[in-house]
Amino acid sequence: MERRKYPIYFSFPALSVFLLFFIAPTLIGVYYSFTDWNVNADSIRFIGLDNYKALFGEPRLGKALSNTLIFAAAVTLLQNAVGLGLALLMNEAIRMRNLYRTVFFMPYVIAPIVIGYVFRAIYHPEHGIVNEALGWIGLGSLGQDWLNDPKWALFSIIVTDIWRVAGFAMVVYLAGLQFIPKDLTESASIDGAGYWRRFRHIVFPLLAASFTVNVLLSVIGSMKVFEMVMVLTDGGPGYTTEVFYTYIRSTFSLGQMGYSTAINLMLFVLVTVVGVPVLMALKKREVEM
């Protein structure tokens with residue numbers, strides 16, 4: 001009995017830190033979301049659901065919600081498509097593939113704020129590389145003010161974030177590819193199965209666990225996007241690229257602490273509502289090797 005209980009003692013320090021710095025602040029935040037806490041108030045009063053009623057009547061939050069969902073869907077889909085394509089390519093016996101793997105993964109380890117400032121220069125309407133390159137190949141008429149045009153601003157942020165995170169997805173898929181027995185693909189090849197059939201019926205089903213990890217992390221991470229939007233557009237022009245965290249920052253800067261906490265809690269619920277069904281659906285298709 002004592003031997004079975006003994007290892008549990010080692011978890012107490014970690015559990016204490018988790019309770020102190022995560023669970024307790026979360027519960028306190030839930031309480032404050034039902035108050036009128038702000039920098040101008042002499043005291044904090046419990047106001048029930050008033051913050052949440054104000055939330056659902058705020059058109060700016062509706063724009064932030066739609067932009068967040070569009071961003072999350074686009075980044076999740078394209079990050080995994082690009083990452084899987086790179087992983088399949090980097091899994092082949094090509095020269096200097098370790099160098100290529102490093103190059104593709106490197107953007108992920110750079111701070112999003114740094115990448116944002118770099119791409120602000122790249123997207124510059126007059127001196128940016130994108131418009132300059134279009135001019136060099138005779139397509140200068142396609143040049144845009146990528147970050148200040150409402151039609152292109154969110155698209156530009158999505159492309160930038162995919163460039164940043166695709167390498168991480170590649171690494172996860174590469175790890176999954178390493179565990180697929182070569183005997184299976186070699187046997188299928190001998191039986192006359194082409195590359196696409198081998199990928200569809202052998203490789204992709206056995207990558208289900210890697211697919212689950214990548215999709216879940218993509219969904220959660222993209223719904224919590226902040227730094228990239230803040231640096232590139234700060235939610236503009238107007239509110240066309242507003243996401244949850246830029247809206248939360250603006251309300252915090254106005255001193256509306258209780259209201260801001262309510263928005264944060266709403267985002268937590270949204271991530272849970274989206275993430276849990278995605279996880280359950282993806283876990284069902286995982287297969288054992």
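Residues numbered from 1 in each chain as written. Predicted model: local features only at pLDDT ≥ 70, side-chain atom pairs only at ≥ 80, totals over all residues. Heavy atoms only, no water.

- The chain is annotated in an unreviewed UniProt entry as Sugar ABC transporter permease of Cohnella thailandensis.
- The Sequence similarities (unreviewed entry) comment attached to the chain in UniProt states, word for word, "Belongs to the binding-protein-dependent transport system permease family."
- Check the Subcellular location (unreviewed entry) section of the UniProt entry for the chain; it says "Cell membrane". (UniProt positions renumbered as here; feature names shortened; annotations may be inferred.)

What about the UniProt feature "transmembrane region" (unreviewed entry) in the chain?
Now for step 1: Per the UniProt annotation, the sites labelled "transmembrane region" (unreviewed entry) are residues 12-34, 69-90, 102-123, 152-180, 201-220 and 262-282.
Now for step 2: Helix makes up 91% of residues 12-34 and strand makes up 0%, while its end C-alpha atoms are separated by 32 Å.
Now for step 3: In residues 69-90, helix accounts for 100% and strand for 0%; the two terminal C-alpha atoms are 31 Å from one another. (Helix = DSSP H or I, 4+ residues; strand = E, 2+ residues; numbered from the N terminus.)

As for the environment of Asn 67
Now for step 1: Within the fold, Asn 67 resides in helix α4 (residues 59-90).
Now for step 2: Sequence separation of Asn 67 and Leu 279 is 212 residues, and the distance between their C-alpha atoms is 22 Å.
Now for step 3: Residue contacts for Asn 67: discarding those within four places in its chain leaves Leu 154, Tyr 239, Thr 240, Thr 241, Glu 242 and Val 243.
Now for step 4: At a separation of 2.9 Å, a polar atom in the side chain of Asn 67 contacts the main-chain carbonyl oxygen of Glu 242. (Contact = heavy atoms within 4.5 Å. Polar contact = N/O pair within 3.5 Å; in protein donor to acceptor, adjacent residues only side chain to side chain.)

Remarks on the pattern of salt bridges
Where charged atoms of side chains with opposite charge meet at close range, the side chains can pair.
Now for step 1: In the structure shown here, the tally under the stated rule is 4 salt bridges.
Now for step 2: Among the ionic pairs, Asp 161 bridges to Arg 164, the shortest N-O distance being 3.3 Å. You can see Asp 161 and its partner Arg 164 sitting in helix α8 (residues 153-178), 3 residues apart, about one turn around the helix. Both residues of the pair, Asp 161 and Arg 164, count as buried. (Salt bridge = Lys/Arg side-chain N within 4 Å of Asp/Glu carboxyl O. Buried < 20%, exposed > 50% of the residue type's maximum accessible area, 1.4 Å probe, protein only.)

Thoughts on the nonpolar core
Now for step 1: Counting 20 residues, the largest nonpolar core has Leu 55, Leu 61, Met 223, Phe 244, Tyr 247 and Ile 263 as its most contacted members.
Now for step 2: Counting residues per element, the ones that place at least two in this core are α3 (50-56), α4, α11 (208-223), α13 (244-253) and α14 (257-284).
Now for step 3: Residue contributions to this core peak at 9 residues, all from α14.
Now for step 4: Leu 61 has contacts with Leu 55, Phe 244, Tyr 247, Ile 263 and Met 266, leaving out every residue within four places of it along the chain.
Now for step 5: Formed by 19 residues, the second largest nonpolar core is a distinct cluster that contains Phe 71, Leu 134, Val 165 and Val 229. (Core = buried A, V, L, I, M, F, W, Y, C linked by side-chain atoms within 4.5 Å.)

Things to note about the packing of aromatic side chains
Geometry of an aromatic ring pair is reported as the spacing of the ring centres plus the angle between the planes.
Now for step 1: Per the stated rule, a full pass over the model turns up 17 aromatic pairs.
Now for step 2: Note on Trp 146 and Trp 152: the rings are 5.3 Å apart at their centroids and 75° apart in plane angle, and the pair reads as edge-to-face.
Now for step 3: Its relative accessible area of 10% is what places Trp 146 among the buried residues.
Now for step 4: Relative to Tyr 259, the ring of Tyr 247 has its centre 6.5 Å away and its plane inclined at 85°; by these criteria the two rings are edge-to-face. With Tyr 247 in helix α13 and Tyr 259 in helix α14, this pair connects stretches of sequence that are 12 residues apart.
Now for step 5: Given the relative accessible area of 3%, Tyr 247 is considered buried. (Phe/Tyr/Trp six-rings, centres within 6.5 Å; stacked < 30°, edge-to-face > 60°.)

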